[in-house]
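Geometric and topological summary
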Amino acid sequence: MTDFLPNRPPKRYTAKQFTDWRARWTGIDPDEALRSRPFGTTEDGLFDFRGLTITDPNARRKRSLHRALFKSCDFTAGSLAETISEHGSFDTCVFDYTDLNNFSDKGNIFQNCRFYRGEWQTGGIGTDWNTSTRGEYQSRYTNCHFENIKLTKTSIGDPQFINCSFVFKKLSGIDFRCSGFIACRFIGAFQDLTFRGAYDPEDRTRKGDPEFAGFTDVSFEQAALQWIDLRGGFRFRSVKMPTDGSAFTADLPRLCRDRTTVLDRMTEQRPRELAARYLDINCRFAPEQQIDIISRFDLTDCAEKGEEAIADTLYNMLKNDYTKPT
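Figured I'd write up the structure that's included with this text. Quick caveat: nothing in here was measured; it's all calculated off a predicted structure. (Residues numbered from 1 in each chain as written. Predicted model: local features only at pLDDT ≥ 70, side-chain atom pairs only at ≥ 80, totals over all residues. Heavy atoms only, no water.)

Once that is clear, we can look at the pairing of strand 5 (residues 89-96). Counting buried residues in strand 5 gives seven out of eight residues, a clear majority hidden from the surface. Inspection of the sheet shows strand 5 paired to strand 7 (residues 109-111) by three bridges, in the parallel sense. Paired with Phe 90 across the strands is Phe 110, a residue of strand 7. Note that strand 5 and strand 8 (residues 114-116) share three bridges and pair parallel. From the neighbouring strand, Asp 96 faces strand 8, where its bridge partner is Tyr 116. (Buried < 20%, exposed > 50% of the residue type's maximum accessible area, 1.4 Å probe, protein only. Helix = DSSP H or I, 4+ residues; strand = E, 2+ residues; numbered from the N terminus. Pairing = 2+ DSSP bridges.)

On to the nonpolar core. Ranked by size, the top nonpolar core spans 58 residues in total, and within it Phe 115, Tyr 141, Phe 146 and Phe 181 carry the most contacts. For this core, the secondary-structure elements that each account for two or more residues are helix 2 (30-36), strand 3 (69-74), strand 5, strand 14 (165-172), strand 16 (185-196), strand 17 (214-231), strand 18 (235-240) and strand 20 (291-295). Top element by residues in this core is strand 17. It accounts for seven residues. Once residues within four sequence positions are removed from consideration, Phe 146 is found in contact with Phe 115, Tyr 141, Phe 161, Cys 164, Ser 165, Phe 166, Val 167 and Phe 168. Formed by 26 residues, the second largest nonpolar core is a distinct cluster that contains Ala 250, Met 266, Met 317 and Leu 318. (Core = buried A, V, L, I, M, F, W, Y, C linked by side-chain atoms within 4.5 Å. Contact = heavy atoms within 4.5 Å.)

This brings us to the pattern of salt bridges. Within this structure, the stated rule accounts for 27 salt bridges. Residue Asp 31 is joined to Arg 63 by a salt bridge in which the shortest nitrogen-to-oxygen separation is 2.1 Å. One end of the pair, Asp 31, is in helix 2; the other, Arg 63, is in strand 2 (residues 63-66), and 32 residues separate them in sequence. Among the residues examined, Asp 31 registers a relative accessible area of 30% and is labelled partly exposed. For Glu 211, the salt bridge is made with Arg 134, and the minimal N-O distance between the two is 3.9 Å. Of the two residues, Glu 211 sits in the loop between helix 3 (201-207) and strand 17 while Arg 134 sits in the loop between strand 9 (124-125) and strand 10 (140-142), which places them 77 residues apart along the sequence. Three or more residues joined by partner-sharing salt bridges are found here, namely Asp 128, Asp 158, Asp 203, Arg 206 and Lys 207. (Salt bridge = Lys/Arg side-chain N within 4 Å of Asp/Glu carboxyl O.)

Everything listed here is a matter of geometry and, on its own, says nothing about what the molecule does.
Here it is as structure tokens:
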């Protein structure tokens, strides 16, 4: 088998290839297909499940997989939609252009996997049942690559991401909840993302405090960040901000305690209004969150057209006075 690297650039395919791959499975039971592997391996040495649909789209309920083991599988242009996988293992698998809509990951281990330009909408990543205990359904992604996949309305619980890369032209509106990130890289544009250091009250009762929530050795050096929402004591350790200087890690409690001082430094009305508006937004979670990410793009978004210079002045002042290295 050739070595498969998750972050290696994926191949380009045609619509006809996708159609042909899907058509060849007609009349073949998915379970038998997974056992017999009728189409052998791909040129990369992975078992060829390209175009395979695991769950019948006309089924009345989701398919459940328990402790399923998938190793060296290529699911390009295939479908794992409408499936619940519990305590399974996915090792060295390709999910390029794969339909993962309404796929629920509960306590699975993914390693050396690539997710490229597929759809994982209305599903679940690292979620559990409302009767499970802390750690019972702990999902982990190690050495995985996520690139330009759709995550609309996907629920995320408390998965661990270790040595993973997230590459997106633009990823927005995602609540990562209590996810943990270790030695991960974010490349591209990220907007309106939420990260939490504590479970919601109903989950806190049965699970206590999340063990892994936080950033450790994480790089945003090649990222553009805007409106990154941090709350609940989400932890930071050795986090690198964009190399272009467009965002920094701030001492949020100190900044919010100094609100009056900051506003008093604004001698003109409009800069003062802009500063007040921004601090009102960011200081909501100051009692619980020690570190915040402040972006130049946040302040530009708060400003009116033609007020970019005001936003830049305020950003530079906050960066000079309230940067807190992690």
